[in-house]
Amino acid sequence: MNTTTQDSVKPKTASFAQASSEIVATNISKSYGAGPFAKQVVDNCSFTIESNKLTVMIGPSGCGKSTLIQLIAGFESPDSGTITMNGNPITGPGKDRLVLFQESALFPWMTTYDNIMYGPRARGEDNAESVELAEFLLAKVGLEAFRDKYPQQLSGGMQRRAELARAMINKPEVMILDEPFRGLDNMSKELMWEYYAALYEEDKNTNFFVTTDIDEAIFLADRLLIMTNLPTNCRSVIEIDIPRPRRIDDIGNNARANDIKKEVMTLLHEEAMKSFSGGSKAAADFLDAYSKRAG
Amino acid sequence: MSVSNFSDKLFSKAAMRGIFAIVVFVLIWEVGARSEQWFGYRFPFIGLVPPPTDVFVSWGGLIADPSYWQSWYMSFLRVFGGFAAAMVIGIPMGLLMAVNKASYGIIFPSFEVLRPIPPLAWVPASIIFWPTQELSIAFVTFLGAFYTIVINVLGGAKSINKQFLQAAQSMGASQWDIFRRIVLPATLPSIVVGSAVGMGITWEVVVAAEMISGGGSSGGGAGGGLGFFIWSSYVGGSYEQIIVGMISIGIAGYISSELLRQLGGLLTPWLKTR
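Residues numbered from 1 in each chain as written. Chains lettered and ligands numbered in written order. Predicted model: local features only at pLDDT ≥ 70, side-chain atom pairs only at ≥ 80, totals over all residues.

Chemist: Let's hear about the overall build of chain B: which residues, and what values?
Modeler: If you tally the helices and strands in chain B, you get 12 helices and 0 strands. Reading the secondary structure of chain B in the N-to-C direction produces α-α-α-α-α-α-α-α-α-α-α-α. Counting over 274 residues, chain B shows a buried share of 34%. Long-range contacts, defined here as pairs at least 24 residues apart, represent 68% of the contacts in chain B between residues at least 6 apart. (Helix = DSSP H or I, 4+ residues; strand = E, 2+ residues; numbered from the N terminus. Buried ≥ 20, exposed ≤ 12 C-beta atoms within 10 Å, placed from the backbone. Contact = placed C-beta atoms within 7 Å.)

Chemist: Pulling in residues and values, what's your account of the pairing of strand β7 (residues 174-178) of chain A?
Modeler: Residue and element names in this part refer to chain A. The buried fraction of β7 is high, at 5 of 5 residues. In terms of strand pairing, strand β6 (residues 97-100) meets β7 through 4 bridges, oriented parallel. Note that in β7 the partner of Val99 across the bridge is Ile176. As paired strands, β7 and strand β8 (residues 206-211) are joined by 5 bridges and run parallel to one another. Bridge pairing in β8 places Ile176 opposite Phe208. Between the parallel pair β7 and β8, the chain is carried across by helix α6 (residues 186-203), and the sense of this crossover is right-handed. (Pairing = 2+ DSSP bridges. Right-handed = clockwise from strand over helix to strand, strands pointing away.)

Chemist: For the interface of chain A and chain B, give the residues involved together with the corresponding values.
Modeler: Contacts between chain A and chain B engage 21 residues on the former and 16 residues on the latter. When its residues are assigned to classes, the side of chain A that touches chain B shows 13 nonpolar, 5 polar and 3 charged. (Nonpolar A, V, L, I, M, F, W, Y, C, P; charged D, E, K, R; others polar.)

Chemist: Lay out the pairing of strand β9 (residues 223-227) of chain A in plain terms, naming residues and giving numbers.
Modeler: Residue and element names in this part refer to chain A. Where strand β3 (residues 54-58) meets β9, 4 bridges bridge the pair, whose relative direction is parallel. Counted as the bridge partner of Ile58 is Ile226 from β9. Sheet analysis places β9 next to strand β10 (residues 234-239), joined by 5 bridges and oriented antiparallel. Its bridge partner lying in β10, Leu225 is registered against Val237.

Chemist: Describe the nonpolar core, listing the residues and the values that go with them.
Modeler: Soluble globular proteins tend to bury their nonpolar side chains together. Formed by 124 residues in total, the largest nonpolar core has its most connected members in Val56, Ile72, Ile116, Leu137, Ala165 and Ile176 of chain A. In terms of residue count, helix α8 (residues 133-158) of chain B provides more of this core than any other element does, 14 residues in total. Here Leu137 of chain A is in contact with Ile116, Ala165, Met168 and Ile169 of chain A, once residues within four sequence places are set aside. (Core = buried A, V, L, I, M, F, W, Y, C linked by C-beta atoms within 7 Å.)

See the structure below:
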């Protein structure tokens, strides 16, 4: 994999910049199951995905972030509260809000090229313009040599780039990414961070990125939403004012980044402890004693 | 496949091992079958089986006999007829139950009650309610493959990764497009597996059905299929021919499975890349 050369290989330009678009969630709640088995996953949660910014949502694992994505994407609807996009309520899935799922959702029976062309073909837009765009994106994600390969023949990082291309060809107004780089090895992960950050910096479209990884969150985010443990809601918002373009090498020595990291870790640690103790008195006492000793 | 490629395959280690195993097997069989003649002591079990040399001599005589090939033809016809019907009815039925809750509710309970009934238990009933012997054998053969195909298709279509459907949906795909380009290819591997298993059961069933029903419409003669061929050899006391019939079925089943594997491989090229 070679992400640094991608920038120099540009056969022609295509613009993916979209008009401003903002998603606002107001007092949303969601629970699953019924009666005594009901489980409240989202509780009176409000947040804004601001236009033309990269909003990262971070929270302890299993805190209901994926549920929020299901709601924003429109695959499910909240029990109460509203989610609007540019003022209009979200009623179902649509190509204006595309999701990159946790595990690769590339169709295994289609080649890279066919995967990228899926959206246009599904909408009956299998025309010269789409083909041109597909070619452009293949080059942009550096997969021209792998156009006729099936997803399983690609490495984890290539799969993620193919999936980015498959989403981008539909020119979504908002891109939603659900822990997209989980499971990649550290090296590919950092390459993907830089690659994805560069993609974002090019067009500055509205992006919503969910993760459990603090380094990833701080490196990528314009705004960071910190979520509570289950049932989830937004605990605090941090504006990450580290200048762009960002590079992995710079961020390690950046004092501001380190301050933010400490702040985020303190907040997340509290939430993770709640999650760990799960209401058990013994576990809570243990964690209390442990944090006093450590602190 | 080029010639050198083919000869590479023929003389590969795996092929050599297979050939070696068959040769050893036939040798042990020959020695065992001739034990009384050669050592004056009859080995248990195997001492009663006709020796392979006699079987091959008998086979050699049959190769020129059109009625032997007629048996092959009849069994193949029944197997592929029943199997094709099972695919044509079973695949849409499995898919329908997977994508439509109402159909599932209506069909599945009856299906699950009928499924445990062994196809061979249907032989007497089907002889009664089908107008010809031929149709009753074909029906029983059909049942052999049908249940397996439906269950596999249903299971395969139901276990599709939800994210594939959501991804397609959010890119603006219609229900029909999702069915055609997501559900169908995602289910293909299960269809292939279900068909391969179903094909095996079909051969088991057709042979037994031929034995029980006396070889179908052309019954009585040697044109009644390989199952009837074995049965009439048994009745006629030709033990060598029983073995010929058994080996013939083994070869016929192998050819059918191999055809299916090749076809399945062509239909699911992405699985080869694993």
